[in-house]
Structures are given as structure tokens and as C-alpha cells.
Amino acid sequence: MAESWSFLDTFESNFRPLVVIELAKGTKEETVKWFTKRIVDKKANGGAQLLVKPLVTEKGEENIYLVGASHLRLLLGAETVGLVKECNDNSMRTFTYSSRKTFRDFADDNHNFLTMAECQYIIKHELENLRAKDEKMIPGYPQAKLYPGKSIVRRLLTSGILVQIFPLHDREELKKLRHSWYGRVKVGYQPLDEIRCYFGETIALYFGFLEYFTFALIPMAVIGIPYYVFAWEDYDKYVMFATFNLLWSTVILEVWKRICAIMTYRWGTLLMKRQFEEPRPGFHGVLGINPITGREEPVYSSIKRQIRIYLVSLPFVCLCLYFSLYVMMIYFDLEQWALDYHEENESNFSSLMLFVPSIIYAVVIEIMNRIYRFAAEFLTSWENHRLESSYQNHLILKVLVFNFLNCFASLFYIAFVLFDMKLLRQSLATLLITSQILNQFAESLLPYWLQKRHKKKMKKRMTSLKTDTDLTLVEQINLEKEMGTYFGTFDDYLELFLQFGYVSLFSCVYPLAAVFAVLNNVTEIYSDALKMCRVYKRPFAEPTANIGVWQLAFETMSVISVVTNCILIGMSPQVNALFPDSKMDLILTVALVEHLLLAIKFIMAFVIPDKPRDIQIKLAKLEFESLEALKQQQMKLAAESLKE
């Protein structure tokens, strides 16, 4: 490997490690040589044309490799992945190497034109697009089959030869980001542009949504505090609060679309073209021909997949939903026992016992949610979806349905079956506060404590290590490769989705729900920032233009909140007094109001544009220019053909 590295050194005298590849210990030498050769080979020969350097571990093993790229290679890669950058005329355009001089801050000697996150994204893209040519198997591993066009990295991952690929942290930039992000307690906005430059658009957009949602909760919290103080037991007053709730839940989601469009246009991802999706790593099937690409790849019958979904996954989900309802009924039995105990004893201890069933139930809900999540992931993987987007959509649907029923079924039962507003308020408060405490502990505090312990042990071991290699780089890589892997924003958005449900569905009964949500989200911003910077490996940047399917999930929740709040208004004594003789008239009136409010909601969603006017004009201008350029190219080709 030393000979191969001296050869690579001629490409770039200033090697900058960007990505770490960890192979399984004991990987065969012929496999390593073949894989590294494919990484450094020229694009014309089917390689990635990147730079590789082995890192000798403390035991002298060479199973960790550092990957980088020359400045020119990264610029060409930026064009390949379709990165959008700002031009000198303030417009946003897709980067091309031929027109590089027209882009702002570009210079041949400016190696900071591309952010480190963008460079790492380009390298990841090139590695994932390393494809088998005429190889039938991974050299040294005949059981790891290959076929023309198969992604080499994905086969190495599924075969267990490749342990992990992760991007390196930039310690100096991370230190600056930590200081401006969570290093000091301050009242102000998050440095979203800096977060985007370091972690990429997907994570920056999550923190942008978290910040926006927290600010959007403040009006609900401000109204909720005096309502709680002056009208705690007066249920007639919650009609006004419920009405405000309906308007609030619609407006904030529509305004978010506009804010999201402004941010993603500034970052360039609003203009990025969607790339053709490759099969996900876990997808398997018999070899066949893809009718779209014409390439040979695994093919799996959609009928078999539908059979697995409807005859196995669907019944399993229904069984889990039934079990959740069964646990809910046990909770109500405990509530009745606690109430009977309090009526018999009438003591301070018995008063406290009234909250115990709700606390136990809240803990059980969190445990059930986490266990079900593992089962949902296993089932969705077993369904064998070809595309990652299809896999994610089916997983999100399974998890959302169960989490919604598991978290809110008891509240619906209390509100619309038992008609017990006092118990509804108590259960809502207990579920909300307990779930927030458990999530903060499980997602941030516990991983941070474990990571801190591991870091101390690793530093002691590295101090005694004697090696000629740069000790700080070895220490950094050994620390980072043992860190937990951040699996994306799924759990973070799910937590906000459930919080939105607690606030929008029943907060008129417990007006302090928004107050506790604001307090939780403020601490969530700091704990999630700490988690990203100190607990997990640096994730690869993933360009995105919006929050994806979660926008639809939040909008669906807001529609359900219209229905629940209308029914709560109809159940209030104030409204019931208007219909003393006919309950049918009350039901019809509530249904009419609910339909009118839904109509207003959809009209508002239609009237409020998803993108501000200036961004619409800029997008239309770019589309016009691209069509004109295509027309000119066609006319030029036609003129040349006439000359011939």
C-alpha cells in the first residue's frame, strides 16, 4: 500500500482527508488492493479518480483509509452532482466548470469555494457510483457476487467487508460553530447558514423548522397563560381558545412553506434537479434488466411485495394497534383504582397517587413506541422496497399510524366517550411533560454521558501510543469511528409531530400545553446541537428543498385538529345552551361549522402562495433562460447539419 500511496501523492501534494473508510479487520489484501485501485483509477477506466491514504492503527493494521480529492476533481464533481451556487449577478445557477469564473468568490487558488460538507457529499456520490464492470465477484470473496452496473460500495457494505464510511469533522470549524450555536446562552436566531455549511441542508432545515415552530408556539403560549390563570375551571371559555387554535394551526404551516422556499433558494437546493434513484443497499432479487436504464440489476416482483405488505405487515400493524388499545384500557382501570383510593383516604399521598397511572402510562407509551419502531423497520426492510424513498414512505406511514393511536387514543376516549374534561386535562399534561423529559434524557443526555466516558478512555489509550503518524489525526479518527451514527431527522421530526398533536388537538382544555412545548423546544435546540457536535459522527450532507413527507403529516394533523376542536366546542355548556331542545340540531350545526372551517382552511392554503413572488419570478426567469439556451443549441445543430 505504501507504493500505491507514493503513486497517488503525485496527484495532489497537499492531501486533505475528507472521508474515512473502515474495512473489516482481516480483509484480504487482494480485496483492499482492488478496491483502492478502483477508487484512484481515472473516470474513463471506471474509477472515481479520488485520493486514498492508509491510516496505520495502534496494532499496525491497515483497515482504515482516508479519502480526499484534488481541487479540480471536486469542481468537476460539483458539476456532476448539480450543485447550485451564487453568481456574480446575485442569481443562483447550477455550477459548471466551463463557466466557473462567473460564480461569486470563485478563484483557481480559492479552495474554500466549495464547503467541506459539499466536498464530502461529492466524494460520497463518487464512491457510491463506483460500479462493477466485468467482475463477477469481490476479489477474495467469491460469495459476494457482482454484476455489471452493481454499486461496489453497496455490495461491500451488505457483505460485511466494508464496516462504515463517514465524513471527518473539521475541528476548527466545529469549535467556531459550537461557540456561535450553543456555546453561550443567548436570545436570538440560530446560525442556520453556518449549520448548513457544516452539516448540509437536511439538518439545517430541521433546525430551521424547530426554531420556526418554537416561535410559532409563542402566541398560543401567551394566550394560554392568562387563560390558565383566570379561567382554569371555566370550560365555557375554551370556545374562543379552540377557535384561535384552528386558525393558528393552518396559518403556521402555510407560512413555513414560504420561509422554507426562501432558505432553500438561498442555499441553492430549491433549484437542484432530482437525481435518478438507485436501488437501496438492502434491495435483493433475481438478476434482470431495468426497463428504464437498460442495466442489469436485481428485479423483485411487485406482486410479491404487495402480498408481504397486505398479508403480513398490515395484519401485524393492526395487531399492534389492538395491543395499544388493550394497554390503554388497563390504564383506565388503574385510573379508577387511584380515584377510589383517593376517595377512601382523602390524604396528600392519595392526591399524588392520582397522577401515578398517567405517569406509568406515559412511560409505557414511550417504551411501546421504541419497540414498535424496531419491528416497523424490520418489516419495511423485509418488504424489499427497491428505492430508499419508497422504503422511507412506508416506514413513516407505519410509525405515524401507531404513534398517533398510541399517544392520542386515550385522550380521544376521555374526551368523546367519558366526557371527562378534568381527566383529559390531567392526562394531557402528564403525557406531554413525561414524554418530553424521557425524550431529552434518551436522545441527548444519556448518549452525551456515554460518549464523554468513551472519549476519556480513548484519550488515555492514545497518550500511551507511540507512533510516527500525526497523533492528533489518529486520535480524532479513533474517537469518531466509535461515535454513534446519526440516522437522520426521522425521530426529531416525529417528536415535533407528536408535540404538534398535543398542542393543536386538545390544548384548549389544557392551555399550558403550548407553554411547556416552548420550554421543551428551547432546551431541544441546545440539546440537539450538542448531540450533533459532540455525540454523533458527522453525517454526510444531503441536499433537500423541503421537509418532505413531514409537511403532509403536519397538515393532516391540522385537519384532524379542526374536527376535534369543533367537537369540543360543540360539547361545551355554552354551545349546548343554545340548543336546549334538539341535540340533532346541535350535531348538524357543529358538522356545518366544521365543514366551513375545513373549507376556509383549504382556501387559505390555496390563496397563500408556497413561494414568495420574487422567488417565483427568479425561478421563472431561470427556466426561460434554460429554454432559450436549449433552443439556440438546437438551431446551431440544425444549421451545422444543413451545411453538411
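Within an unreviewed UniProt entry, the label attached to the chain reads Anoctamin, and the organism entered is Athene cunicularia. UniProt, in the comment section headed Subcellular location (unreviewed entry), describes the chain in these words: "Membrane".

K.L.:
How should I be thinking about the overall build of the chain in this particular structure?
P.N.:
A tally of helices and strands in the chain yields 21 helices and 10 strands. Within the span of the chain, comprising 644 residues, buried residues form 50% of the whole. If you take every contact in the chain between residues at least 6 apart in sequence, the share linking residues at least 24 apart comes to 73%. Carbon and sulfur atoms provide 63% of the accessible area of the chain, an area that totals close to 32400 Å².

K.L.:
Looking at this structure, how should I read the UniProt feature "transmembrane region" (unreviewed entry) in the chain?
P.N.:
On the UniProt side, "transmembrane region" (unreviewed entry) is annotated at positions that read residues 212–232, 238–256, 309–332, 352–372, 395–416, 496–519 and 586–608 here. Across residues 395–416 one finds 100% helix and 0% strand; the C-alpha atoms that close the span lie 30 Å apart. Helix makes up 96% of residues 586–608 and strand 0%, with an end-to-end C-alpha separation of 33 Å.

K.L.:
Mind showing me how you'd approach the nonpolar core here?
P.N.:
Formed by 106 residues in total, the largest nonpolar core has its most connected members in Trp181, Phe199, Trp248, Phe497 and Trp550. In terms of residues, this core owes the most to one element, helix H8 (residues 201–230), which gives 14 residues. Residues from two domains meet in this core; each of domain 2 (194–274 + 407–456 + 484–610) and domain 3 (301–383) gives at least three. Every residue in contact with Trp248, bar those within four places of it in the chain, is listed here: Phe213, Ala216, Leu217, Met220, Phe500, Val503 and Ser504. Formed by 54 residues, the second largest nonpolar core is a distinct cluster that contains Leu74, Phe103, Phe106 and Met116.

K.L.:
Is there a simple way to think about the sheet that holds strand E3 (residues 64–68) in this case?
P.N.:
By definition, the strands of a sheet pair up through backbone hydrogen bonds, in either a parallel or an antiparallel sense. Taken in spatial order, the 4 strands of this open sheet run E2-E3-E1-E8, and their pairing is antiparallel. Strand pairing shows two members of the sheet lacking a second neighbour, strand E2 (51–55) and strand E8 (162–167), which therefore form its edges. The average angle at which neighbouring strand axes cross in this sheet is 20°, direction not considered. Against the sheet, helix H2 (residues 29–40) makes contact with strand E1 (19–23), E2 and E3, and its axis sits at roughly 160° relative to E1, the strand it touches most. Of the strands in this sheet, E1, E3 and E8 are in contact with helix H4 (residues 116–128), which crosses E1 at around 40°.

K.L.:
Honestly, helix H3 (residues 71–81) in this entry has me stumped. Any pointers?
P.N.:
Given 3.6 residues per turn, any residue in an α-helix points the same way as the ones three and four places further on. Within H3 the residues assigned to the buried category are His71, Arg73, Leu74, Leu75, Gly77, Ala78 and Val81. Summarising the contacts, the buried residues of H3 are in contact with H4. Of the residues one or two after H3, Gly82 is the one with positive phi, at around 80°.

K.L.:
Explanation requested: the pattern of salt bridges in the structure shown.
P.N.:
If you walk through the whole model with that rule in mind, you get 23 salt bridges. In this structure, Glu126 engages Lys43 in a salt bridge whose closest nitrogen and oxygen atoms are separated by 2.9 Å. In this pair, Glu126 is assigned in helix H4 and Lys43 in the loop between H2 and E2, connecting sequence segments 83 residues apart. Classification of Lys43 as partly exposed rests on a relative accessible area of 43%. Asp528 is the partner of Lys531 in a salt bridge, and the nearest nitrogen-oxygen pair spans 3.3 Å.

K.L.:
What exactly am I supposed to notice about unusual backbone geometry here?
P.N.:
Most of the time, phi is negative for any residue but glycine, and the peptide bond is trans. Despite not being glycine, Gln49 has its phi angle at roughly 55°, a positive value. With phi around 55°, Phe419 is a residue other than glycine that occupies positive phi space. Structurally, the position occupied by Phe419 is in the loop between helix H13 (388–418) and helix H14 (421–463). Residue class for Phe419 comes out exposed when judged on its relative accessible area of 55%.

K.L.:
Any chance you could explain the packing of H3 against H4 here in plain terms?
P.N.:
Relative placement of two packed helices is described by the angle separating their axes and the distance separating the axes. Close contact between H3 and H4 brings their axes to 9 Å; oriented N to C, the two are set at 75°. Regarding the angle of H3 to H4, the classification is roughly perpendicular. Contact residues: Arg73, Leu74, Gly77, Ala78, Thr80 and Val81 in H3; Cys119, Tyr121, Ile122, Ile123, His125 and Glu126 in H4. Residues belonging to the contact of H3 with H4 are distributed by class as follows: 7 nonpolar, 3 polar and 2 charged.

K.L.:
Quick question: what am I supposed to make of H13 here?
P.N.:
Between its terminal C-alpha atoms H13 stretches 43 Å, which fits the 45 Å expected from 31 residues at 1.5 Å a residue. The largest bend along H13 reaches roughly 50° and is located at Phe408. Count one or two residues on from H13 and you reach Phe419, which has phi positive near 55°.

Basis of the calculations
- Residues numbered from 1 in each chain as written.
- Predicted model: local features only at pLDDT ≥ 70, side-chain atom pairs only at ≥ 80, totals over all residues.
- Heavy atoms only, no water.
- UniProt positions renumbered as here; feature names shortened; annotations may be inferred.
- Helix = DSSP H or I, 4+ residues; strand = E, 2+ residues; numbered from the N terminus.
- Buried < 20%, exposed > 50% of the residue type's maximum accessible area, 1.4 Å probe, protein only.
- Contact = heavy atoms within 4.5 Å.
- Areas by Shrake-Rupley, 256 points an atom, 1.4 Å probe, with all protein chains shown as cover.
- Core = buried A, V, L, I, M, F, W, Y, C linked by side-chain atoms within 4.5 Å.
- Domains from an automatic or database assignment.
- Pairing = 2+ DSSP bridges.
- Axes fitted to C-alpha atoms, helices over the stretch in contact; angles between N-to-C directions.
- Salt bridge = Lys/Arg side-chain N within 4 Å of Asp/Glu carboxyl O.
- Parallel < 35°, antiparallel > 145°, perpendicular 65-115°, else oblique.
- Nonpolar A, V, L, I, M, F, W, Y, C, P; charged D, E, K, R; others polar.
- Expected span 1.5 Å × (residues − 1).
- Bend = angle between axes of the 7 residues up to and from the residue.

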